[in-house]
Amino acid sequence: CIRDSYGKVDETSWGNPVATKKLIQAVKAQGFNTIRVPVSYIDQINDDNTVNDEYLARIKQVVDYAYDMGMYVVIDMHNDGGTGVQGMWLDITKTGSEFEAIKTKYSTVWSDIADYFKDYDQRLIFEGFNELNNGSYTNAPTPEQLCNVNTLNNAFVSAVRNAGGKNTDRVLIVAGYNANIDYTVSGFSKPNDSGTANRLMLSVHYYDPYDFALNEQGTEEWDEDTEVIEAQFKKISDFANTKNMPVFIGEYGAINKSNDEYRVAYIGNLNEIASSYNIVTAYWDNGFTGVYGFGLFDRITNSVTQSGQSLINAINGSYQ
């Protein structure tokens with residue numbers, strides 16, 4: 001995970017070591033064929049809005065670990081618009097000339113990234129941004145903020161397509177406000193795409209019910225209410241079908257509360273329902289394997305934890 005800390009990119013956030021080839025080999029050995037690499041750029045953006053060459057080279061190195069093994073790799077712009085992040089600049093609350101400057105910077109950064117990777121084939125996928133919101137995970141967006149999200153999606157797609165090479169038909173992942181299913185259904189507009197038809201995916205995240213999946217002070221037990229998951233996945237699937245877009249659940253999971261029995265049931269059911277709607281998923285592994293962590297893999301030993309193996313079995317079992 002390459003992301004930010006105190007306004008500076010820091011690959012060792014959450015106490016993680018740097019990503020290694022052995023770690024990616026361990027992931028692939030567990031049957032995964034796709035890996036999502038969250039990337040923050042913040043202090044690595046030059047004055048001309050291009051990305052620092054050394055930083056791009058490190059991103060390439062991590063991408064190549066998986067790409068050279070035949071895996072699909074997703075890279076995004078992870079926390080440049082993150083809530084509470086120092087140095088955050090991708091701000092959808094801005095208006096007028098301030099927002100125009102943000103859009104220009106965003107387009108230039110993605111143009112540079114796309115140009116750098118233009119010779120990579122379709123196993124490399126770009127994701128425009130992550131959980132872009134108005135500074136709060138709970139406050140509803142304004143119509144102007146929803147419009148700004150859609151504007152940035154258009155800028156992202158246009159920047160990548162114009163970079164040429166294999167970017168002209170590369171699969172691109174776009175998202176609605178905060179990657180939230182309800183706000184996406186009510187406020188997302190499909191970007192214009194000058195490239196090959198039907199090469200856009202719609203991303204949402206899923207951490208519900210909050211008290212079980214994310215709230216450290218919440219319940220350790222999952223009530224096995226699959227009807228809520230079913231309803232939400234049907235909602236986003238039906239919406240995406242009207243846009244002729246497949247759905248990507250770019251993050252999901254439930255924090256460790258020493259409650260593997262419930263986590264396994266939750267993750268297994270979630271993936272089974274997703275599969276029934278042809279929705280692909282990417283589990284959120286932040287590398288932290290202790291209490292309240294999401295980690296499946298111990299990144300020091302590059303091995304699966306005991307708890308992680310049970311969860312991986314639940315993920316893989318739902319596709320058998």
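Model, not experiment: these values are computed from the prediction. (Residues numbered from 1 in each chain as written. Predicted model: local features only at pLDDT ≥ 70, side-chain atom pairs only at ≥ 80, totals over all residues. Heavy atoms only, no water.)

Trainee: I would appreciate a short explanation of the packing of aromatic side chains in the present structure.
Mentor: Each aromatic ring pair is described using two quantities: the centre-to-centre distance and the angle formed by the ring planes. Applying the stated criterion to the full structure yields 15 aromatic pairs. Look at tyrosine 67 and tyrosine 120: their rings are 4.7 Å apart centre to centre, the planes differ by 50°, and that puts the pair in the tilted class. On the criterion of sequence distance, the pair formed by tyrosine 67 in helix α2 (residues 53–67) and tyrosine 120 in the loop between α3 (96–116) and β5 (124–127) is long-range, its members being 53 residues apart. For tyrosine 120, a relative accessible area of 11% puts it in the buried group. Residues phenylalanine 188 and phenylalanine 239 carry aromatic rings whose centres are separated by 6.3 Å and whose planes lie at 75° to one another, so their mutual orientation is edge-to-face. (Phe/Tyr/Trp six-rings, centres within 6.5 Å; stacked < 30°, edge-to-face > 60°. Helix = DSSP H or I, 4+ residues; strand = E, 2+ residues; numbered from the N terminus. Buried < 20%, exposed > 50% of the residue type's maximum accessible area, 1.4 Å probe, protein only.)

Trainee: Quick question: what am I supposed to make of helix α9 (residues 306–317) here?
Mentor: With 12 residues, α9 should cover 16 Å at 1.5 Å per step; its first-to-last C-alpha distance of 17 Å lies within 8% of that length. Buried within α9 we find Ser307, Gly308, Leu311, Ile312, Ala314 and Ile315. The buried residues of α9 occupy an angular sector of 155° when projected down its axis, which confines them to one face. Packing partners of the buried residues in α9 comprise β8 (247–252), α8 (260–276), β10 (297–298) and β11 (303–304). (Expected span 1.5 Å × (residues − 1). Arc of directions from axis to C-beta. Contact = heavy atoms within 4.5 Å.)

Trainee: What is the right way to read the sheet that holds strand β9 (residues 280–281) from this model?
Mentor: Two modes of strand pairing occur in sheets, parallel and antiparallel, and in both the strands are linked by backbone hydrogen bonds. Strand order in this open sheet of 7 strands is β3-β4-β5-β6-β7-β8-β9, and the pairing throughout is parallel. On the outer flanks of this sheet lie β3 (34–37) and β9, each paired with one strand and no other. Sitting on the sheet, helix α7 (residues 226–242) touches β7 (200–206) and β8, and the angle it makes with β7 is about 160°. (Pairing = 2+ DSSP bridges. Axes fitted to C-alpha atoms, helices over the stretch in contact; angles between N-to-C directions.)

Trainee: Looking at this model, I keep getting lost on the nonpolar core. Mind explaining?
Mentor: Proteins that are soluble and globular tend to have nonpolar side chains buried together. With 91 residues, the main nonpolar core has Ile75, Tyr106, Ile113, Phe126, Phe233 and Tyr266 as its most contacted residues. For phenylalanine 233, the residues in contact, after removing those within four places along its chain, are Ile181, Tyr206, Ile249, Leu270, Ile273, Ala274, Tyr277 and Ile279. With 7 residues, the next largest nonpolar core counts Val74, Ile173, Met201 and Phe248 among its residues. (Core = buried A, V, L, I, M, F, W, Y, C linked by side-chain atoms within 4.5 Å.)

Trainee: Could you clarify how one ought to interpret the side chain of arginine 170 in this entry?
Mentor: Note on placement: arginine 170 falls in the loop between α4 (143–162) and β6 (172–175). No salt bridge is formed by the buried arginine 170; the nearest opposite charge belongs to aspartate 121, separated by 6.1 Å. At 2.9 Å, the side chain of arginine 170 and the side chain of asparagine 167 are in polar contact. When neighbours within four sequence positions are excluded, arginine 170 is seen to be in contact with Phe117, Lys118, Tyr120, Asp121, Gln122, Leu124, Phe126, Arg161 and Arg199. (Lys, Arg positive; Asp, Glu negative; His and termini not counted. Salt bridge = Lys/Arg side-chain N within 4 Å of Asp/Glu carboxyl O. Polar contact = N/O pair within 3.5 Å; in protein donor to acceptor, adjacent residues only side chain to side chain.)

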